[in-house]
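# A look at the structure
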Amino acid sequence: MRGDVLVSEILEQTMAQYDEIADLYDAGNDRIGPFRRHVEEHTFWNIAGSVDGLTVFDVACGDGAYSRALAERGAKVVAMDQSAEMIRIAQQVEKEQELGIEYLVQDATELASVGQFDLVTAIYLLHYAPSEEALESMCRGLRANVKDGGRLITLAFNPEIDPARADMTKYGFRLKLPELEDGAECSIEVLLDPPFGFSFFYWSKDVHVRALENAGFKNVVWHNSICSPEGLAEYPAGFWDGYLHNPHAVFISCEV
Ligand SMILES: C[S@@+](CC[C@H](N)C(=O)[O-])C[C@H]1O[C@@H](n2cnc3c(N)ncnc32)[C@H](O)[C@@H]1O
């Protein structure tokens with residue numbers, strides 16, 4: 001159990017790490033691209049379906065990769081991240097390639113309603129919560145922004161990952177996993193030149209579901225990862241199997 005002071009220090013460190021690696025993360029998006037494009041994004045779009053005409057709030061938007069993809073497909077997007085550096089990069093791209101996305105700097109553990117959206121997305125957010133309270137607080141903040149009849153799609157660290165089969169080097173990253181118990185600190189290294197990494201926290205499936213349901217979400221669904229037909233065609237047979245059978249992150253959708 002961590003005390004409140006320690007939890008807020010951990011939260012500050014977790015938040016600061018993205019300011020430091022923002023440029024590398026932005027550049028890395030292209031290089032870790034095959035995995036993100038063929039599996040992660042393909043799975044996301046399979047769940048999201050058409051977003052044309054929807055209002056979307058993209059929480060923990062980072063450099064805005066999903067925010068732009070959503071806007072390009074016809075959504076009206078507001079996006080936010082706690083990292084001022086990430087938002088600076090996202091706004092710079094918005095200046096060069098205007099899509100009408102509004103970017104905000106905010107902490108998702110203290111998120112109030114900024115609107116009522118058809119869809120809230122939070123791609124790689126929940127595992128940055130350093131305590132169960134912070135996780136529930138994030139879920140309440142997400143819930144406060146979904147309109148009645150709307151939904152949340154989030155991508156979180158896979159609570160059911162098998163560490164013994166979690167060698168992800170061929171997909172462009174490496175995981176450092178301690179014994180997986182709630183609140184355990186884990187880390188990921190993105191294998192670029194230079195490599196960079198960041199840390200996050202393990203939360204079990206029960207803890208996720210409890211936090212989402214306590215926040216007012218229902219019909220919580222965990223989605224299998226799938227690979228695009230292009231990804232299957234482009235890589236040798238079986239290349240994606242290791243990831244698809246033991247993904248490091250898993251999409252969750254739920255409704256209000
Ligand atoms: C792995 S990046 C993902 C960025 C983006 N969603 C994407 O898929 O490219 C995780 C992001 O979560 C943000 N983040 C972590 N903790 C947060 C918090 N408490 N509030 C808002 N954003 C947070 C980080 O700043 C970082 O930009």
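Residues numbered from 1 in each chain as written. Predicted model: local features only at pLDDT ≥ 70, side-chain atom pairs only at ≥ 80, totals over all residues. Heavy atoms only, no water.

Further remarks concern the side chain of aspartate 118. Within the secondary structure, aspartate 118 is located in strand E4 (residues 117-123). Among the polar contacts made by the side chain of aspartate 118, one reaches the main-chain amide nitrogen of threonine 55 at a distance of 2.7 Å. Separated by 2.6 Å, the side chains of aspartate 118 and lysine 147 make a polar contact. (Helix = DSSP H or I, 4+ residues; strand = E, 2+ residues; numbered from the N terminus. Polar contact = N/O pair within 3.5 Å; in protein donor to acceptor, adjacent residues only side chain to side chain.)

So, about a negative patch on the surface. Negative charge collects at one region of the surface, where Glu179, Glu181, Asp182 and Asp206 lie side by side. Tracing the sequence through the fold places glutamate 179 in the loop between strand E6 (173-176) and strand E7 (185-190). The class of glutamate 179 is exposed, set by a relative accessible area of 67%. (Patch = residues over 30% accessible without salt bridge, like charges linked within 9 Å, V, L, I, M, F, W, Y side chains within 5 Å. Areas by Shrake-Rupley, 256 points an atom, 1.4 Å probe, with all protein chains shown as cover. Salt bridge = Lys/Arg side-chain N within 4 Å of Asp/Glu carboxyl O. Lys, Arg positive; Asp, Glu negative; His and termini not counted. Charge placed at Lys NZ, Arg CZ, Asp CG, Glu CD. Buried < 20%, exposed > 50% of the residue type's maximum accessible area, 1.4 Å probe, protein only.)

With that settled, consider the packing of helix H5 (residues 132-143) against helix H6 (residues 205-214). Contact geometry of H5 with H6 gives a least axis separation of 8 Å together with a crossing angle of 45°. Here H6 runs oblique to H5, going by the angle between their axes. The chirality of how H5 crosses H6 is right-handed. In this structure, H5 contributes Glu132, Leu135, Glu136, Cys139 and Arg140 to the contact, and H6 contributes Val207, His208, Arg210, Ala211, Leu212 and Asn214. Looking at the contact of H5 with H6, its residues break down into 5 nonpolar, 2 polar and 4 charged. (Axes fitted to C-alpha atoms, helices over the stretch in contact; angles between N-to-C directions. Parallel < 35°, antiparallel > 145°, perpendicular 65-115°, else oblique. Left-handed = near helix turned anticlockwise from the far one by under 90°. Contact = heavy atoms within 4.5 Å. Nonpolar A, V, L, I, M, F, W, Y, C, P; charged D, E, K, R; others polar.)

Our next topic: H6. For H6, every residue scored as buried is listed here: Val207, His208, Ala211 and Leu212. Looking down the long axis of H6, one finds its buried residues gathered within 125° of arc, a one-sided arrangement. Positive phi shows up at glycine 216, right after H6, with a value of about 110°. (Arc of directions from axis to C-beta.)

Moving on: the packing of aromatic side chains. Scanning all chains against the criterion turns up 14 aromatic pairs. Here phenylalanine 44 and tryptophan 45 contribute two aromatic rings whose centre-to-centre distance is 4.9 Å and whose plane-to-plane angle is 80°, an arrangement assigned as edge-to-face. With relative accessibility at 0%, the residue phenylalanine 44 sits in the buried group. Both rings, one in phenylalanine 239 and one in tryptophan 240, keep their centres 4.8 Å apart while their planes meet at 85°; by these two values the pair is edge-to-face. One exposure class covers both phenylalanine 239 and tryptophan 240, and it is buried. We note arginine 73 situated over the ring of tryptophan 45; from NZ or CZ to the ring centre the distance is 3.7 Å. One cation-aromatic arrangement involves lysine 170 over phenylalanine 239; the distance from NZ or CZ to the ring centre is 4.9 Å. (Phe/Tyr/Trp six-rings, centres within 6.5 Å; stacked < 30°, edge-to-face > 60°. Lys NZ or Arg CZ within 6 Å of the ring centre and 35° of its normal.)

In this fold, glycine 33 is placed in helix H2 (residues 33-48). Linking glycine 33 and glycine 172, residues 139 residues apart in sequence, is a C-alpha distance of 8.9 Å.

What follows is about the site of the ligand. Around the ligand sit 19 residues in total, of which Arg36, Ala60, Asp81, Gln82 and Ala108 are the nearest. Contact distances for the ligand include 2.6 Å between an oxygen atom and a side-chain N or O atom of glutamine 82. Split by residue class, the shell around the ligand holds 12 nonpolar, 4 polar and 3 charged. (Near = heavy atom within 4 Å.)

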